[in-house]
Structures are given as structure tokens and as C-alpha cells.
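Chain by chain, the residues run as shown.
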Amino acid sequence: MDRPSYHLSNLDSLEAESIHIIREVAAQFERPAILFSGGKDSVAVVHLARKAFWPARIPFPLMHVDTGHNFPETIQYRDDLVAKLGVELVVASVQESIDQGRVVEETGPNASRNALQTVTLLDAIEANGFDACLGGARRDEEKARAKERVFSHRNGFGQWDPRNQRPELWTLYNGKKAFGEHFRVFPLSNWTELDVWQYIAREQIELPSLYFAHQREVVDRRGVLMAVTDCTPVRDGEQAELRTVRFRTVGDATCTGATASTAANLQDIIMEVAAARQTERGGRTDDQRSEAAMEDRKREGYF
């Protein structure tokens, strides 16, 4: 008798791999957390974690490193999701790190709190005893992220060494660590931006409204459309205008640029992403500070 043949679609295969990784984290670590920004990738990780442990609740807390310069839509979405899922939320505040003298706020026209998140993140990991933090980073996002392993080891100072990483053969993940060390884990490592959007459409995952085309007051700042907010006011010599835009990434308002778009639903976004010539982080001004900006931050303990 012939055995039935099974064929997994690309999304089914990616989903199965991610769920396997998330369950490995639950098996190998004592106190994991999910790094949650309100962005589509971290939302996808939360959705995958729900499926990994259904019908039980997600056994990990969600941790949000709050710069104090977030879009209001992101914070509202975060709070609504936490209430819906009934999970623990840990908020690590950059403003508190500034008030405590742990970091010094940047000054000048291009000042941002984005880089300050590293100290706040590492302090929160230590204070809460987290030994693994799951994030939504993908290898296709940026060249520094492409160097990451799925189980990415961090030393006792929270630092990452891209030249000294552990092999991951046959989907075997090594979570052994010394006291004080921890891991960052990336279940979406092998996904692309298009994969994520197609998965969101298939699973009908709700997202912050920022991802969909809407009218917003913006200024063109060196080729990047920056939203006009309380922390990103119009500068001398600039002219604000009302544009139809959406955001391909959701982060600190001081360094997250919008893109001109009329994509108001998931199918339109999928078509737009498939035809895009610029990466989704092309509008992130923090990545433009130097060619190695992301890798330098990651070495110090960034997401």
C-alpha cells in the first residue's frame, strides 16, 4: 500500500520551524521573554507563540523597551493585545534610565533615544532574570542581522561577538550558557518581509493602523518622510504637508520614516512589498548614521 505524500507550503514550513524554535526556548531556558515593539514581526512572533502552546496561554512575558517617543497607535495596540491575551507585560523605560543617570540623552537636531535602548534593555534583562529573549529580527532586514544565529549567545555584559558563534546544524540549538549570560532567539530568522506579510494575511492577524495607508502631516527630511509629532516638530526652514503614507517599520518616532503609499489593505501591501526596490529599513535614520551602525549597536547589546 502506497504511503500518502505530504507537501508543506512555504508558509507552513516557516511556521513549523518557528514553532519548533519557540518550543525549544521553553524547553531549554528557565525565564524567557518575548521582546515586543508593536511592530509586525514581534506581533507575528506572539501569534506563533500562541499557536505553539495552544490552548494554554503563552508562558512568557512580553517586554517592551519604551523610549517615550513611541507613536500613540503603537502603545494603544500593545495595551489592547496584552489585555486580550492575558499575558504579563514588562515595560522597560528609557526615560527612567535617563532620570537615573544610566544614559545621557542625545542633543542636537538629529537626537534620538533609539541607541539608548541598549542600556535599558540590558538592565531589564538583569532585573527580571531573563535568560532568553525572543525577538522578531529577520536575516533579510539588514546585513548585521544576517550574521545572527537563531540562538544568539550574549556574554555576561550582554555583548554579541559575530566572529564567535555556535554552529546550528540539523536545527539543533545549543542554549548552554554560563551564569549571567543570556541568549537572543530569532524564530523569524529565515523569513522575508514578504513571507511575514503573506502570513499575516493568511492568519488574519490584526496590526497597528500605522502599517496601512492614512493621511498624516509629514516633513521631507533629507529624503525621509518624518511624521510631525510632539517629539519631532517642524524645524526652521521645513514645510509640513499632509501626505498619504504608511510605515513599513514601527519604532521610535524620532528615527522611523514613513513611505508614500496608498496601500490600505493587506493585499495592496503584499503587492507593494513584492515590487519594492528599497528595504523596509531604508527609512530608518538610525541605520544611516554609519555603514556599520546596526552591527556596532548589536555588539553592545542592542536588539
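As a reminder, the structure under discussion sits directly above these lines.
A. Here's a closer look at the layout of surface pockets. Taken as a whole, the largest pocket holds about 460 Å³ of empty space. Forming the boundary of the largest pocket are 20 residues, of which Ile125, Phe130, Gly180, Glu181 and His182 lie nearest the centre. The element that contributes the greatest number of residues to the lining of the largest pocket is helix H5 (residues 117-128), accounting for four residues.

B. Geometry of the pattern of salt bridges. Overall, the coordinates contain 18 salt bridges when judged by the stated rule. Asp12 is the salt-bridge partner of Arg202, the closest N and O atoms lying 2.7 Å from each other. With Arg202 in helix H6 (residues 193-203) and Asp12 in helix H1 (residues 10-28), this residue pair connects regions lying 190 residues apart in the sequence. The partly exposed category is assigned to Arg202, whose relative accessible area is 35%. Asp12 sits in the partly exposed class, given a relative accessible area of 27%. Here Glu272 ties to Arg246 by a salt bridge, and the two come within 2.8 Å at their closest N and O atoms. Highlighted residues: Glu272 in helix H7 (residues 266-275) and Arg246 in strand S9 (residues 241-246), separated in sequence by 26 residues. By relative accessible area, Glu272 is classed as partly exposed at 25%. Through salt bridges with shared partners, a single network forms among Asp12, Glu15, Lys51, Arg202 and Glu203.

C. How the structure looks around the sheet that holds S9. Pairing is antiparallel around the closed barrel formed by four strands, whose spatial order is S7-S8-S10-S9. Ignoring which end each strand starts from, the neighbouring axes of this sheet average 70° apart.

D. View of the environment of Gly129. Mapped onto the elements, Gly129 comes out in the loop between H5 and strand S4 (132-134). Taking relative accessible area as the criterion, Gly129 reaches 43% and is therefore assigned partly exposed. For the pair formed by Gly129 and Ser42, sequence separation is 87 residues and the distance between their alpha carbons is 21 Å.

Cut-off values and rules
- Residues numbered from 1 in each chain as written.
- Predicted model: local features only at pLDDT ≥ 70, side-chain atom pairs only at ≥ 80, totals over all residues.
- Heavy atoms only, no water.
- 1 Å grid on protein atoms, 1.4 Å probe; cavity = no way out; pocket = protein on both sides within 12 Å on 5 of 7 lines; lining within 4 Å.
- Points joined across faces, edges and corners; volume = space filled by probe spheres on them.
- Helix = DSSP H or I, 4+ residues; strand = E, 2+ residues; numbered from the N terminus.
- Salt bridge = Lys/Arg side-chain N within 4 Å of Asp/Glu carboxyl O.
- Buried < 20%, exposed > 50% of the residue type's maximum accessible area, 1.4 Å probe, protein only.
- Pairing = 2+ DSSP bridges.
- Axes fitted to C-alpha atoms, helices over the stretch in contact; angles between N-to-C directions.

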